Protein chains: 2
Amino acid sequence: MAGVETYLEEHADGFLKELFELLRIPSVSADPAHAGDIAAAGQWVADKLAGIGVKSEVIPTKGHPIVYGESERVEGAPTVLVYGHYDVQPVDPLDQWLSPPFEPEIREGRIYARGATDDKGQMLTHVFSAQAWLAAEGRLPLNLKYLIEGEEEVGSAALSEFVAENTDKLACDCIVVSDCCQFAPGQPAITCGLRGIVCFEITVQGPDRDLHSGSFGGSVTNPAVALSRILSGLIDDNGRIQVPGFYDDVVPLTELERKQMADLPFDEKEYMEQVGVSDTWGEAGFTSLERRWARPTFDINGLTSGYQGAGAKTIIPDRASAKVSFRLVPNQSPEAIDKAFREIVEKLALPGVKVEVQGMHGAPGMLVPLDSPYVAASSKALEYAFGRAPVMTREGGSIPVVATLHEELGADTLLLGWGQDDDNTHSPNERFLLADFYRGIQASAKLWEEIAKV
Amino acid sequence: MAGVETYLEEHADGFLKELFELLRIPSVSADPAHAGDIAAAGQWVADKLAGIGVKSEVIPTKGHPIVYGESERVEGAPTVLVYGHYDVQPVDPLDQWLSPPFEPEIREGRIYARGATDDKGQMLTHVFSAQAWLAAEGRLPLNLKYLIEGEEEVGSAALSEFVAENTDKLACDCIVVSDCCQFAPGQPAITCGLRGIVCFEITVQGPDRDLHSGSFGGSVTNPAVALSRILSGLIDDNGRIQVPGFYDDVVPLTELERKQMADLPFDEKEYMEQVGVSDTWGEAGFTSLERRWARPTFDINGLTSGYQGAGAKTIIPDRASAKVSFRLVPNQSPEAIDKAFREIVEKLALPGVKVEVQGMHGAPGMLVPLDSPYVAASSKALEYAFGRAPVMTREGGSIPVVATLHEELGADTLLLGWGQDDDNTHSPNERFLLADFYRGIQASAKLWEEIAKV
């Protein structure tokens, strides 16, 4: 690593200059007017890979092209797949940007530009680290594959299909993704778990029109009452979900994981203030972080029925509907839960109404075992670059593309965020700490060495 | 009654001509442009009463005037208060009327005009019957008071106040109202009960903004979940309302009432088709008619929360609200139920949310005992005029003005409808069967005789 370190130091300005080049390409995937910019950004990435000695190709899709790269084969060494994306979010509202979004500039130690942290800046750290190895050592200590897409901000439709059809080509020992955040400023993190999701809409149809609640009330099932009973029956007073078998496949938290979460600098009072509630509540027996990261949930996302205007209108509404979602944790199967959910909804329905359940979308959760050797390798690399051991965290949200990669390729997935949660991703004045950019490159270079030892 | 009968026969055309006169006055209470017509209609009624020998006055109010009339005192005889209204509903959509709404005409045995049945035609039956008695017999067999308002279609605001402030003036033995329907064509009815009502809006406030259900789900009370649990906790699987003490004051149905309801020509299958449901449902142990007429209910009238558009949006909504109403039966107190309702809602709330209950409006139920001598008198009068004994029914809806009269004056209230349920009240082509108009006058004339015997 000594030569690699020297190379990184000597080429710091060059890395920044190249990042600025890519940031100047307005590769907004949501806007068809930017199709040419998208193509240019993809080509830039492919050329960059080729320039450092990684064989690359631009693969057309029904949507925006995928850039794929593969380093020269190192026999007997592990293979890492780096996932990232070269497309960016739209820039509206433009008038809130202090500097133009596609004219990157440094202010107070931060790079300001659309895509600075999400994901051009973070993604390129894994390219520059390989460049350093190849230039300084003449070789990589392991095999690298790059999968850099142009549709992450619009749903990764082409990628899912591509991954499913190219599992041999993409085969790897672990997956590395840097498209997220550290736990807190100065505190790096490895995100070892993501929750999955299943979403439904429940519609309860009662009478064929709104009825007068005086003339008919009491004799006809009120669909909003029926809906409330279904929804209420899905969760108990202890916050336990009542879908049969719901918890059967849940991977329980280990004592080590619970201890690690408990040790994180998380303040319950601050959290309550942050979200504006007088109390937290959830599944009995778990802390707020455990509930957010490692336990499955039931939420109602929307309710609609009958009269919603001012004052009273005394009707029995003809129908009532709810949008609901479950966050799943690793090992829960979206398909099994879909089935069990439909059964219990049917069972909870009162007589005299017709209940329909429409499935909307689903994705499984993801978990990297804390005792994975790749987690240990990442931990060493992060501590080396950031001067502090990373904390192990999970993310309560769902990142379908990561779940897809994890599931299709069956490899441990390391979510190594170099960003901060105030980097303004998806907002005006997106930014990326210069120090995080360089520490990211350094951590990545060290990561290749550590993974090579696994 | 022989002289009265003869008079009724000989003056049939005159009654119709006079009804037409009143129908030609477009006394639409909702439209300020018709204020002059409202005044003219009120004056017409007062003049008509005076013309038959009933002392009358037009009493100004903050809204439209009340017409009050009092017949010459008959010592020792009972006193009946006739309630009715001279205002009518708006006529929109005008283009659906086959003949102009204020140019009454007869087609196929029916009087077509706005107000024909609601309530000018029905109300005048009680004036023409008195006219016949006074002209043919020179006297009434009892004391009549007339309370004819001009704001029934816009909420009777002035009347409630007037009644409360004039209970001595309006003191009576029973109240007669003809502003409703027979049970079925050819089957007259006496409506002996009305349900009361209390309405609320429940608002559950959670976090101070919508939250991402991935990042926060599980740790924060979802206000829509909390609302569902409250709503669901208000009623059990047997359709029994769970508000503490809710049934304590309910007047139970007598065996006679249950038998009479069971004997009515009511077909459960036809009813299901009429309202478009596959099954009826309600409080266990009661029939559909009992549930509609004589048992209290809980209904959700509207639900609102979070995302209501197409597809999924995985949020924890910041709030959820429901509009709910209870229909009450005689003896339940809206005030007591208001109090018990607020307590149970508070008790059913999950931690971490703020629940607010806003009361909207309330009115008690009303019940005339089936063994009331006035019911028996009405029954004889109806059988005399319609050739068939009336059935005893109840109305599931609430008519606040009737409840007010009943409560303030403490008198039995006879709801004697001469109309049919397809008379198009409040709709284009309002109509009133000529035969029902004349039978109504005859029944009314007989009613004065029968009540005089009580």
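Residues numbered from 1 in each chain as written. Chains lettered and ligands numbered in written order. Predicted model: local features only at pLDDT ≥ 70, side-chain atom pairs only at ≥ 80, totals over all residues.

Visitor: Explain the overall build of chain A here, please?
Guide: Tallying secondary structure elements over chain A gives 13 helices and 18 strands in all. In terms of C-alpha radius of gyration, chain A reaches 25 Å, essentially the compact-globule figure of 22 Å for 454 residues. Seen through its C-alpha atoms, chain A measures out along the principal axes to roughly 85 × 50 × 45 Å. Evaluated residue by residue, chain A yields a buried proportion of 54% over its 454 residues. Counting contacts in chain A only where the partners sit at least 6 residues apart, residues at least 24 apart contribute 79% of the total. (Helix = DSSP H or I, 4+ residues; strand = E, 2+ residues; numbered from the N terminus. Rg over C-alpha atoms; globule rule 2.2 N^0.38 Å. Buried ≥ 20, exposed ≤ 12 C-beta atoms within 10 Å, placed from the backbone. Contact = placed C-beta atoms within 7 Å.)

Visitor: I keep staring at the interface of chain B and chain A and nothing clicks. Help me out?
Guide: How large an interface is tends to be reported as the accessible area lost when its parts come together. Tallying the contact residues gives 69 residues for chain B and 69 residues for chain A. Taken together, the elements giving at least two residues each to the side of chain B that touches chain A come down to β9 (196-205), β10 (211-212), α6 (223-232), α9 (288-293), β11 (297-306), β12 (315-316), β13 (319-328) and β14 (354-363) of chain B. Looking at side-chain class alone, the side of chain B that touches chain A contains 24 nonpolar, 32 polar and 13 charged residues. As paired elements, strand β11 (residues 297-306) of chain A and β11(B) share five bridges and run antiparallel to each other. Pairing of A:Gly302 across the sheet is with B:Gly306, part of β11(B). (Nonpolar A, V, L, I, M, F, W, Y, C, P; charged D, E, K, R; others polar. Pairing = 2+ DSSP bridges.)

Visitor: Is there a simple way to think about helix α10 (residues 334-348) of chain B in this case?
Guide: Within an α-helix, residues lying three or four positions from one another point in the same direction, as the helix has 3.6 residues per turn. Residues and elements named next belong to chain B. For α10, built from 15 residues, the straight-helix expectation of 21 Å at 1.5 Å per residue is met to within 8% by its first-to-last C-alpha distance of 21 Å. Along α10, the positions that sit buried rather than exposed are Pro334, Ile337, Phe341 and Val345. Each buried residue of α10 lies within a common arc of 65° when the element is viewed along its axis, so the set occupies one face. Opposite the packed face of α10, turned more than 90 degrees from it, sit the exposed residues Glu335, Glu346 and Lys347. Close packing links the buried residues of α10 with β9, α6, β13 and β14. (Expected span 1.5 Å × (residues − 1). Arc of directions from axis to C-beta.)

Visitor: I keep staring at the relation of the copies chain B and chain A and nothing clicks. Help me out?
Guide: Put simply, the two copies of the chain differ by a rotation about an axis and a shift along that axis. When chain B is fitted to chain A, the best match, at an RMSD of 0.2 Å, comes from turning it 179° and sliding it 0.1 Å along the axis. Here the transformation between the copies is reduced to the relation of a two-fold axis. A symmetric contact is evident, with 100% of the interface residues of chain B recurring at the interface of chain A. (Least-squares fit on C-alpha atoms with pLDDT ≥ 70 in both.)

Visitor: How do you make sense of the confidence of the model for chain A when you look at a structure like this?
Guide: Low pLDDT marks regions whose predicted coordinates should not be analysed in detail. In this model, chain A carries a mean pLDDT of 94, and residues with pLDDT of at least 70 account for 100%. Taken together, the chains of this predicted complex give a pTM of 0.82 and an interface ipTM of 0.82. (pLDDT = per-residue confidence, 0-100.)

Visitor: Help me out: how do you make sense of the sheet that holds β11(A) in this one?
Guide: Pairing between sheet strands relies on hydrogen bonds along the backbone, with the strands arranged either parallel or antiparallel. Read from one edge to the other, the open sheet built from eight strands follows the order β14(A)-β9(A)-β13(A)-β11(A)-β11(B)-β13(B)-β9(B)-β14(B), with strand pairing classed as antiparallel. The open sheet is flanked by β14 (354-363) of chain A together with β14 of chain B, the only strands paired with a single partner. Direction aside, the axes of adjacent strands within the sheet are offset by 20° on average. The sheet contacts of helix α10 (residues 334-348) of chain A involve β9 (196-205), β13 (319-328) and β14 of chain A, and relative to β14(A) the element is tilted by about 165°. The strands that α10(B) touches are β9, β13 and β14 of chain B; relative to β14(B), the one it contacts most, it runs at about 165°. (Axes fitted to C-alpha atoms, helices over the stretch in contact; angles between N-to-C directions.)

Visitor: I keep staring at the domain arrangement of chain A and nothing clicks. Help me out?
Guide: All names here are of chain A. Taken domain by domain, chain A holds domain 1 (2-194 + 365-453) and domain 2 (196-250 + 296-363). Computed over C-alpha atoms only, the centres of domain 1 and domain 2 are separated by 40 Å. Opposite the eight residues of domain 1 that make contact, domain 2 presents eight residues. Those elements giving two or more residues to the side of domain 1 that touches domain 2 turn out to be β15 (366-367) and α12 (400-409). The residue makeup of the side of domain 1 that touches domain 2, split by class, is four nonpolar, four polar and no charged. (Domains from an automatic or database assignment.)

Visitor: Would you take a moment to explain the nonpolar core for this structure?
Guide: In a soluble, globular protein the nonpolar side chains are often hidden away together inside. Of all hydrophobic cores here, the largest spans 256 residues; its most connected members are A:Ile175 and B:Ile175. A:Ile175 has contacts with A:Leu81, A:Tyr83, A:Leu405, A:His406, A:Leu409, A:Ala411, A:Thr413 and A:Leu414, leaving out every residue within four places of it along the chain. (Core = buried A, V, L, I, M, F, W, Y, C linked by C-beta atoms within 7 Å.)

Visitor: Mind showing me how you'd approach the pairing of strand β3 (residues 79-85) of chain A here?
Guide: All names here are of chain A. With six of its seven residues buried, β3 lies for the most part within the structure. Pairing of β3 with strand β6 (residues 143-149), which is carried by seven bridges, proceeds in the parallel orientation. Residue pairing across strands places Tyr83 opposite Leu147, the latter belonging to β6. Alignment of β3 against strand β7 (residues 174-177), held across four bridges, turns out to be parallel. Across the sheet, residue Val80 finds its bridge partner in β7, namely Cys174.

Visitor: Quick question: what am I supposed to make of the sheet that holds strand β5 (residues 110-112) of chain B here?
Guide: All names here are of chain B. Overall, antiparallel pairing links the three strands, which are arranged β4-β5-β18 in an open sheet. Where the open sheet ends on each side, the last strands, each with one partner, are β4 (105-107) and β18 (431-433). Strand-to-strand twist across the sheet, computed as the mean angle between neighbouring axes with direction ignored, equals 30°. One ladder, built from three bridges, connects β5 with β18; its direction is antiparallel. Paired with Tyr112 across the bridge in β18 is Arg431.

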